[in-house]
Amino acid sequence: QVQLVESGGGLVQAGGSLRLSCAASGRTSSLYTMGWFRQAPGKEREFVARISWSGSITNYADSVKGRFTISGDNAKNTVYLQMNSLKPEDTAVYYCTCTVRRTGVTYNYWGQGTQVTVSS
């Protein structure tokens, strides 16, 4: 079992920046990937960014490329999402996620979410 706790959300004006953090606890020795999804009101959850926990390979949604940067601190079991040049359309609840591999089985875990609101 892995627990994920997000922080860093808030209200920011368009063009501003926020840095989200997600700390993992529990059975973290087998972390495989960590990443972020988001869900805006009335819309489906969408992928934002993901990082490989061992190789630091990153993936980004096209909508955030060049503006968002995902990074991880293995020693702290924490993933970060640096969000720059924020737009009103970035407004959403941002959810941290991770995958864990044990005995050949992959497990997915989710945080509770943190609200990001970007004003015009």
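Relevant structure appears above.
Residues numbered from 1 in each chain as written. Predicted model: local features only at pLDDT ≥ 70, side-chain atom pairs only at ≥ 80, totals over all residues. Heavy atoms only, no water.

**Thoughts on the overall build of the chain**
Then step 1. When helices and strands are counted, the chain shows zero helices and eleven strands.
Then step 2. In sequence order, the chain lays out its α and β elements as β-β-β-β-β-β-β-β-β-β-β.
Then step 3. For the chain, whose C-alpha radius of gyration is 14 Å, the value lies close to the compact-globule estimate of 14 Å for 120 residues.
Then step 4. Structurally, the chain occupies a C-alpha span of about 50 × 25 × 25 Å along its principal axes.
Then step 5. When each of the 120 residues of the chain is scored for burial, the buried share is 43%.
Then step 6. Taking all contacts inside the chain whose residues are at least 6 apart in sequence as the whole, residues at least 24 apart take part in 54%.
Then step 7. For the chain, the accessible area works out to roughly 6300 Å², and carbon and sulfur atoms hold 46% of it.
Then step 8. The averaged location of the 7 negative side-chain charges in the chain is 7 Å from the averaged location of its 12 positive side-chain charges. (Helix = DSSP H or I, 4+ residues; strand = E, 2+ residues; numbered from the N terminus. Rg over C-alpha atoms; globule rule 2.2 N^0.38 Å. Buried < 20%, exposed > 50% of the residue type's maximum accessible area, 1.4 Å probe, protein only. Contact = heavy atoms within 4.5 Å. Areas by Shrake-Rupley, 256 points an atom, 1.4 Å probe, with all protein chains shown as cover. Lys, Arg positive; Asp, Glu negative; His and termini not counted. Charge placed at Lys NZ, Arg CZ, Asp CG, Glu CD.)

**Regarding the pattern of salt bridges**
Then step 1. Overall, the coordinates contain four salt bridges when judged by the stated rule.
Then step 2. A salt bridge links Asp-90 to Arg-67, with the nearest nitrogen and oxygen atoms 2.7 Å apart. With Asp-90 in the loop between strand S8 (78-83) and strand S9 (92-102) and Arg-67 in the loop between strand S6 (58-60) and strand S7 (68-73), the pair connects residues that are 23 residues apart, well separated along the chain.
Then step 3. In this structure Asp-90 comes out as buried when scored by relative accessible area, which is 0%.
Then step 4. We classify Arg-67 as buried; its relative accessible area is 11%.
Then step 5. Bridged by salt links that share partners, the residues Arg-38, Glu-46, Arg-67 and Asp-90 form one connected network. (Salt bridge = Lys/Arg side-chain N within 4 Å of Asp/Glu carboxyl O.)

**Structural notes on the state of the cysteines**
Then step 1. Considering all chains together, one arrives at one disulfide under this definition.
Then step 2. Each sulfur in the disulfide pair Cys-22 and Cys-96 lies 2.0 Å from the other. Taking the torsion about the S-S bond as the criterion, the Cys-22 to Cys-96 disulfide, at about -85°, is left-handed. Of the two residues, Cys-22 is situated in strand S3 (residues 18-26) and Cys-96 in strand S9; the sequence distance between them amounts to 74 residues. The burial state of Cys-22 is the same as that of Cys-96; both residues are buried.
Then step 3. Cys-98 takes part in no disulfide bond, and the closest cysteine sulfur to it belongs to Cys-96, at a distance of 6.7 Å.
Then step 4. For Cys-98, a relative accessible area of 1% puts it in the buried group. (Disulfide = S-S within 2.5 Å.)

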